[in-house]
Amino acid sequence: MKNILALGGLALASAALAQTCPVILTGTAKLADAHHVAYSVTVTNPSARPVAYNARIDFFLKGTKIPGGFENIVVNLPAKGKKTITGSEPFVEKLTGVDQVKATRIRSCK
């Protein structure tokens, strides 16, 4: 019973973090080749205070997460600042397409 309560508290804490984090993440993704996704993610801080942001981004095709690859985004943003991160993520399996990139887990936002 204690494990269930601890996990429930962790889920509530992560949900509260997502609600209070001012960072806005937008991005695009496309196939670089059959085994690589090229992505560009813009992280924006609209608040009047600096923010240290750490999140996991995953890649999606038609709303379904593509298994086997993700990227960690770690950014220090000044007040009202933004940063663009570009890169390529390798996949073992042959990919047929990718149309979306989004943050699936916010690890920290301070």
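Throughout what follows, the structure given in this document is the object of discussion.

Parameters at a glance
- Residues numbered from 1 in each chain as written.
- Predicted model: local features only at pLDDT ≥ 70, side-chain atom pairs only at ≥ 80, totals over all residues.
- Heavy atoms only, no water.
- Helix = DSSP H or I, 4+ residues; strand = E, 2+ residues; numbered from the N terminus.
- Buried < 20%, exposed > 50% of the residue type's maximum accessible area, 1.4 Å probe, protein only.
- Lys, Arg positive; Asp, Glu negative; His and termini not counted.
- Salt bridge = Lys/Arg side-chain N within 4 Å of Asp/Glu carboxyl O.
- Disulfide = S-S within 2.5 Å.
- Pairing = 2+ DSSP bridges.
- Axes fitted to C-alpha atoms, helices over the stretch in contact; angles between N-to-C directions.
- Phe/Tyr/Trp six-rings, centres within 6.5 Å; stacked < 30°, edge-to-face > 60°.
- Lys NZ or Arg CZ within 6 Å of the ring centre and 35° of its normal.

### Looking at the side chain of Glu89
Part 1: Structurally, Glu89 is set in strand E5 (residues 82-90).
Part 2: One buried charged residue, Glu89, forms no salt bridge at all, with the nearest opposite charge on Arg56 at 8.9 Å.

### Details of the pattern of salt bridges
Part 1: All chains considered together, the criterion is met by 2 salt bridges.
Part 2: Here Asp58 ties to Arg56 by a salt bridge, and the two come within 3.0 Å at their closest N and O atoms. With respect to class, Asp58 is no different from Arg56; both count as buried.
Part 3: Asp58 is paired through a salt bridge with Lys65; the nearest N and O atoms lie 4.0 Å apart.
Part 4: With a relative accessible area of 1%, Asp58 lands in the buried category.
Part 5: Judged by relative accessible area, Lys65 falls into the partly exposed class, the value being 42%.
Part 6: Salt bridges linked by common partners bring Arg56, Asp58 and Lys65 together as one network.

### Structural notes on the state of the cysteines
Part 1: Applying the stated criterion across every chain, the model contains 1 disulfide.
Part 2: Each sulfur in the disulfide pair Cys21 and Cys109 lies 2.1 Å from the other. Handedness of the Cys21-Cys109 disulfide follows from its S-S torsion of about 75°: it is right-handed. One end of the pair, Cys21, is in the loop between helix H1 (2-20) and strand E1 (24-33); the other, Cys109, is in strand E6 (residues 100-109), and 88 residues separate them in sequence.
Part 3: In this structure Cys109 comes out as buried when scored by relative accessible area, which is 11%.

### So, the sheet that holds strand E3 (residues 51-61)
Part 1: Read across the sheet, 3 strands follow the order E4-E3-E6 without closing on themselves; strand pairing throughout is antiparallel. At either margin of the open sheet sits one strand with a lone partner, and together these are strand E4 (64-77) and E6. On average, each strand axis in the sheet is inclined to that of its neighbour by 25°, with strand direction left out of account.
Part 2: Note that E3 and E4 share 10 bridges and pair antiparallel. Note that in E4 the partner of Tyr53 across the bridge is Val75.

### Details of the packing of aromatic side chains
Part 1: Going through the model one piece at a time under the given rule, you end up with 2 aromatic pairs.
Part 2: Ring centres 6.2 Å apart and planes at 75° place the aromatic pair Phe59 and Phe91 in the edge-to-face group. Of this pair, Phe59 sits in strand E3 while Phe91 sits in the loop between E5 and E6, and the two are 32 residues apart along the sequence.
Part 3: Given a relative accessible area of 0%, Phe59 falls into the buried group.
Part 4: Among the aromatic residues, those joined into a cluster by ring pairs are Tyr39, Phe59 and Phe91.
Part 5: Lying over the aromatic face of Phe70, Arg56 brings its terminal NZ or CZ to 3.9 Å of the ring centre.
Part 6: Residue placement shows Lys102 over the ring face of Phe60; its charged tip is 4.7 Å from the ring centre.

The values are spatial; any link to function lies outside them.
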